[in-house]
Amino acid sequence: MTEKFGLSVALATPFDANGDIDVDAMIAQAKRSLAAGCASVTLFGTTGEGCSVGTQERERILAALIGSGIQPRNIVMGVLVDAAEDAAAQTGHALSQGVRNILLAPPSYFKNVSDDGLFKWFSAVFAILGDKARDIIVYNIPSVTMVPLTVSLIARLRDAFPAVVTGVKDSSGDWPFTETLLKAHGDLIILIGDERHLAKGVRLGGQGAISGMANFLPREVKAMAEEGTDDARIEDFVLELLKYPVTAAVKVMVARLTGDDVWLAVRPPLVSISEGGQEQLALAFDSLFRSKAA
């Protein structure tokens, strides 16, 4: 039996005072996450501000992580671009370095596109990749992309590319959709992006999660992602995070965990959370996780 996916931390990306990626801080966070039980680290997804990280940066950071001793099999690469040529280039490079999976979002500049159009886009990416294509997790996050991946489109991609499309990360936050997806696609790695639905999704056959909250609560999220263990504290803290721009809020918590304010910075067009917001998040966290607080 194939090993389950488990928990991957949706690794936040630290930026220094010049706006450059702080490689050492990123490597340290990746290693902390793996040591705490995460099966892999996902680079440059939504939490990792992947849309703001260019191709050359990606290649440099991936090389640095691998050079630090992190095994490629413990790395997932997020690809969040619109042009099929760019998506194939970023995907092909990461796969050539031996990464475990690619988290591939649909193109998102054009809205109200059809399933036929999306199918042709994914097909174009895979055609450019040719026999390099493998281990693609398609990324459903319509709150960000405004481009939902329907259950029927996922089935069509799976049927057309059975050796390529191996999973779905569902960050829709729509439990009826997630439940339908789990029932329809037991043949795929279904990952739950919304921690409020994670435990029950795993109990219905989900294989784990790519989780932003795993940046600062890896052990707690792992119990949900691997054992289907409910944790009302995490579900409640998601609601606190959602009061703010989520990526910036996650980085506030990483800064608190590490004691390093480098994590507070986000790359434009995002902006950091105010000191007052940071304090409110810390208070909410402590009220839920007082015995676990960093």
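Report on the accompanying structure. Source: prediction; values computed, not measured.

Quick notes on the overall build of the protein
Helix and strand counts for the protein come out as twelve helices and eight strands. Against the globule reference of 19 Å for 294 residues, the protein gives a C-alpha radius of gyration of 18 Å, in line with a compact fold. Across the 294 residues of the protein, 54% fall into the buried class. Contacts spanning at least 24 positions in sequence make up 70% of the contacts within the protein whose residues lie at least 6 apart. Of the accessible surface of the protein, which amounts to about 12,500 Å², a share of 52% is contributed by carbon and sulfur atoms. Charge centroids of the protein, computed over 27 positive and 35 negative side chains, lie 4 Å from each other.

Here we look at the pairing of strand β1 (residues 6–10)
Judged by how many residues are buried, β1 sits mostly within the fold: five of five residues are covered. As judged from the three bridges shared by β1 and strand β2 (residues 40–43), these two strands associate in the parallel manner. In the strand pairing of β2, Ser 8 is matched with Ser 40. Between β1 and its parallel partner β2, the chain crosses via helix α1 (residues 23–35), and the hand of that crossover is right-handed.

A word on helix α9 (residues 218–227)
Along an α-helix, residues three or four positions apart point the same way, because every turn accommodates 3.6 residues. Taken residue by residue, α9 has Pro 218, Glu 220, Val 221, Met 224 and Ala 225 as its buried positions. Buried residues in α9, looked at end-on, bunch into an arc of 165°, giving them a common side. Of the exposed residues in α9, those oriented more than 90 degrees away from the buried face are Arg 219 and Glu 227. Looking at the packing, one finds that the buried side of α9 touches β1, α8 (198–203), β8 (208–211) and α10 (232–241). Gly 228 sits one or two positions beyond α9 and adopts a positive phi of about 70°.

So, the packing of helix α3 (residues 84–96) against helix α4 (residues 115–129)
Look at α3 against α4: their axes get within 9 Å of each other, and the N-to-C directions meet at 50°. One finds that α3 runs oblique with respect to α4. Here α3 and α4 pass one another in a crossing that is right-handed. Together, Ala 84, Glu 85, Ala 87, Ala 88, Thr 91 and Gly 92 of α3 and Trp 121, Ala 124, Val 125, Ile 128 and Leu 129 of α4 make up the contact between the two elements. For the contact of α3 with α4, the per-class residue count stands at eight nonpolar, two polar and one charged.

Regarding the packing of aromatic side chains
Tallied over the entire structure, the rule returns ten aromatic pairs. A ring pair is formed by Trp 121 and Phe 122, whose centres lie 5.1 Å apart and whose planes are at 85°; its orientation type is edge-to-face. No difference in accessibility class separates Trp 121 from Phe 122, as the two residues are buried. Aromatic side chains Phe 122 and Phe 126 sit 6.3 Å apart centroid to centroid with 35° between the ring planes, which places their arrangement in the tilted category. With Phe 122 and Phe 126 both in helix α4 and four residues apart, this pair spans about one turn of that helix. One aromatic cluster is present, built from ring pairs that chain together Phe 119, Trp 121, Phe 122, Phe 126 and Phe 161.

What to know about the pairing of β2
Both faces of β2 are covered, namely the face carrying Ser 40 and Thr 42 and the face carrying Val 41 and Leu 43. Strand direction decides the pairing type here: β2 and strand β3 (residues 75–79), joined by three bridges, are parallel. Paired with Thr 42 across the strands is Val 76, a residue of β3. In this region the chain leaves β2, passes through helix α2 (residues 55–67) and returns to the parallel neighbour β3; the handedness of that crossover is right-handed.

Quick notes on unusual backbone geometry
Note the cis peptide between Pro 268 and Pro 269, where omega equals 20°. Its identity is not glycine, yet Asn 112 carries a phi of approximately 60°, on the positive side. Counting through the fold element by element, Asn 112 comes out in the loop between β4 (101–104) and α4. Classification of Asn 112 as exposed rests on a relative accessible area of 79%. Although it is not a glycine, Asp 135 sits at a positive phi angle of roughly 50°. Of note, Asp 135 is situated in the loop between α4 and β5 (136–140). Residue classification places Asp 135 among the partly exposed residues on the basis of a relative accessible area of 25%.

Cut-off values and rules
- Residues numbered from 1 in each chain as written.
- Predicted model: local features only at pLDDT ≥ 70, side-chain atom pairs only at ≥ 80, totals over all residues.
- Heavy atoms only, no water.
- Helix = DSSP H or I, 4+ residues; strand = E, 2+ residues; numbered from the N terminus.
- Rg over C-alpha atoms; globule rule 2.2 N^0.38 Å.
- Buried < 20%, exposed > 50% of the residue type's maximum accessible area, 1.4 Å probe, protein only.
- Contact = heavy atoms within 4.5 Å.
- Areas by Shrake-Rupley, 256 points an atom, 1.4 Å probe, with all protein chains shown as cover.
- Lys, Arg positive; Asp, Glu negative; His and termini not counted.
- Charge placed at Lys NZ, Arg CZ, Asp CG, Glu CD.
- Pairing = 2+ DSSP bridges.
- Right-handed = clockwise from strand over helix to strand, strands pointing away.
- Arc of directions from axis to C-beta.
- Axes fitted to C-alpha atoms, helices over the stretch in contact; angles between N-to-C directions.
- Parallel < 35°, antiparallel > 145°, perpendicular 65-115°, else oblique.
- Left-handed = near helix turned anticlockwise from the far one by under 90°.
- Nonpolar A, V, L, I, M, F, W, Y, C, P; charged D, E, K, R; others polar.
- Phe/Tyr/Trp six-rings, centres within 6.5 Å; stacked < 30°, edge-to-face > 60°.

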